[in-house]
Every structure is written in C-alpha cells, then in structure tokens.
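Results of the structural survey
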Amino acid sequence: VGSGQAMRVGTLLVAILVASRLVNFTLGQATSFCNPKPLKCTGTTTTLDRSSNPFDGVNVGWGAKPVAVDWDGDGDIDLLVGNWDVGNQEGRIQFFERTADAALVERTGSSNPFDGLGFGSDGGQIAVDWDGDGDIDLIVCDVNCRIFFFERNADASLAERTGSSNPFDGIEVDWNAKPVAVDWDGDGDIDLLLGNSDGRIQFFERTADASLIERTGSSNPFDGINVERYAAPFPVDWDGDGDIDLLVGNGNGRIFFFERTADAKLIGRTGSSNPFDGIN
C-alpha cells in the first residue's frame, strides 16, 4: 500500500516469533490505517489456538522477522519473512502471497520478488514508500551494521541503491539493529527508529531536504529508554488517544509499554498499567 492509501482490516495481527515459528495474537476492534502511518488499536489480546492461527504450519527457519504488507497491491495483506539461509550462509526474504481464499502460498524462485537480493544475515526489514513515489520500497538492516535500500521501479522490480543514492549511506548502526519507519514527530515525512542490541533506541529525523539527522541526548525522544537487550520498537496508538505510543520487545521475551502524554513525553507503564504485563 503506497503512502496515503488506506487499508481496512478486521483485526490487527501482531506476529510474535517463538522458537522460529509464528504465533498469532489478535486485537478485538476493527481499525483503519495508512502506510506508513502507525496503527490505531483498542481492545484486548487473545491467544488463538493452533487451528485458528493463519500462520500454523509456516516454519521459516532461524532468526525469522515478519512484515505484513500488501506487497502485490491486490487489496489483501501478504507476509514477508526475513531470515538466515543456513544453506547459503546469507540473509534472505521469503514471500507468502495471500490468495483469494485467504490462504498463504509461498512463492519461490522468480515468483518471489525478493529472490536474489544479497545481504548479510538479516536484522530486520521495512516495507514502506520511502521515496514517496506511490509504491512500496524495501529497507533491510543486516547484522553487519549496514542498511540496504531497494527502490521499487515502475515495473515492480527492486533495484539496490548504493553510495549517495542510498539514503541510509553512512549511517552506522548497532549489530543486529531493528529498524522502524514512522512519522514520529508528526511533520509529514517518515523518520527512522533503530532498536539496538544494548536495549537503546536511536532516532534519525527526516529533514526538509529528505536527509536523515541523528538526534542524540535530550533531542532524542527515546533518550533514557533501555530495555536491557535487543530492543525491537513498535510505534502504535495503543490507547486510542490520537498520538503514537511505543511498544518495545526485548531479548528476554518481555514487552515494554511507553505511553505518549499530551506534552509528547514517553512514560513507561509497569505492572497492571502495562497491558502486556505477564506476556513472555
């Protein structure tokens, strides 16, 4: 879905990886969202049994990182999964197309739009219209501290941009960083968040000339947040009050909740005030 194109979904699927398998959780209320705008969610989380899990039977190997997006533009949400290809010793992205009967069919070889993309072990990927031309591009952050940018062409092929043509060229990221693209500061363009292996979150603001400037110290809205290790940020209006809150998973299996207040500060909610308390 390109920037500004709305999708209507009956439930929000939050994919959590457990032992390299996809376990599904669902939220109760239907909502609309626009990519790359954050989701707006209300409701309670309910663990589904295996027979109700649309990802049951999908096993994508070691280090899987899922992204849900309408990649082929047919109006339903497909599944991209970045993982480590043990046989070829490199990162890869598998593509599962959602069919008319809502089944997920893996496309391989030339039918996989990500076939042949080369990068080191995958730290995470983002599917987003980064260049604002109306189609979805691909951003991949690998464990070797590099960010790859693959621009979507008019014929739907992906072309890697390098050097000065890569908007992320020169950005030094932490080992196994987790990227997120979202308009955090509400100025109409997409910023970049990076969750680090030491539990911190870096913030790169997109400026008027489309360059990315890292904000540090008090200029970083996530300064002081540390979830111990392997921060995996997920921005979303969880409490439905009109601003973006922050969920952060960590390497110990916990989910932290930071509520955004009226003055744009992030307040960590713990115990019963954290809707994810007890999930591990």
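The structure reproduced in this document is the subject of the present report. Note that the structure is a prediction, hence the values are computed from the model and not measured.

Topic: the packing of aromatic side chains
For the coordinates displayed, the defined rule picks out nine aromatic pairs. When the centroid spacing of 6.4 Å and the interplanar angle of 10° are considered together, the rings of Phe-148 and Phe-150 count as stacked. The class of Phe-150 is buried, set by a relative accessible area of 2%. Among the aromatic residues, those joined into a ring-pair cluster are Trp-71, Phe-95 and Phe-114. Positioned over the ring face of Trp-71 is Arg-152, at 4.0 Å from the centre of the ring. One cation-aromatic arrangement involves Arg-260 over Trp-184; the distance from NZ or CZ to the ring centre is 4.2 Å.

Observations concerning the side chain of Asp-137
Position of Asp-137 relative to the elements: it lies in strand S12 (residues 137-142). In this structure Asp-137 is buried but unpaired, with Arg-152 as the nearest side chain of opposite charge at 7.0 Å. A polar side-chain atom of Asp-137 sits 3.1 Å from the main-chain amide nitrogen of Trp-130. If sequence neighbours within four positions are ignored, Asp-137 has contacts with Trp-71, Ile-126, Ala-127, Val-128, Asp-129, Trp-130, Asp-131, Phe-149, Phe-150, Glu-151 and Arg-152.

A short note on the nonpolar core
Nonpolar side chains in soluble globular proteins tend to be buried together. Core analysis: the biggest nonpolar cluster contains 17 residues, and Trp-130, Ile-139, Ile-147, Phe-168, Ile-171 and Leu-192 have the highest contact counts within it. Of all elements in the fold, only strand S11 (122-128), S12, strand S13 (147-152) and strand S16 (191-195) reach the threshold of two or more residues within this core. For this core, the domains that each give at least three residues are domain 1 (58-164) and domain 2 (171-279). Once residues within four sequence positions are removed from consideration, Trp-130 is found in contact with Asp-137, Ile-139, Phe-149, Pro-167, Phe-168, Ala-181, Ile-190, Asp-191, Arg-206 and Leu-212.

Looking at the layout of surface pockets
Empty space among the atoms becomes visible once a probe the size of a water molecule is rolled across them. What the second largest pocket holds in volume is close to 250 Å³. Along the wall of the second largest pocket there are 17 residues; nearest its centre are Arg-92, Ile-93, Asn-112, Asp-115 and Gly-116. For the lining of the second largest pocket, the secondary structure elements donating two or more residues are strand S9 (90-98) and strand S10 (104-107). When residues in the lining of the second largest pocket are grouped by element, the largest group, five residues, is from S9.

Side note on the sheet that holds strand S15 (residues 178-182)
Backbone-to-backbone hydrogen bonds join strands into a sheet, with any given pair of strands oriented parallel or antiparallel. Sheet architecture is open: four strands sit in the order S15-S16-S17-S18, paired in antiparallel fashion. At either end of the open sheet lies a strand with only one pairing partner, and these are S15 and strand S18 (212-215). If you compare each strand with its neighbour and ignore which way they point, the axes differ by 25° on average.

Scoring rules and cut-offs
- Residues numbered from 1 in each chain as written.
- Predicted model: local features only at pLDDT ≥ 70, side-chain atom pairs only at ≥ 80, totals over all residues.
- Heavy atoms only, no water.
- Phe/Tyr/Trp six-rings, centres within 6.5 Å; stacked < 30°, edge-to-face > 60°.
- Buried < 20%, exposed > 50% of the residue type's maximum accessible area, 1.4 Å probe, protein only.
- Lys NZ or Arg CZ within 6 Å of the ring centre and 35° of its normal.
- Helix = DSSP H or I, 4+ residues; strand = E, 2+ residues; numbered from the N terminus.
- Lys, Arg positive; Asp, Glu negative; His and termini not counted.
- Salt bridge = Lys/Arg side-chain N within 4 Å of Asp/Glu carboxyl O.
- Polar contact = N/O pair within 3.5 Å; in protein donor to acceptor, adjacent residues only side chain to side chain.
- Contact = heavy atoms within 4.5 Å.
- Core = buried A, V, L, I, M, F, W, Y, C linked by side-chain atoms within 4.5 Å.
- Domains from an automatic or database assignment.
- 1 Å grid on protein atoms, 1.4 Å probe; cavity = no way out; pocket = protein on both sides within 12 Å on 5 of 7 lines; lining within 4 Å.
- Points joined across faces, edges and corners; volume = space filled by probe spheres on them.
- Pairing = 2+ DSSP bridges.
- Axes fitted to C-alpha atoms, helices over the stretch in contact; angles between N-to-C directions.

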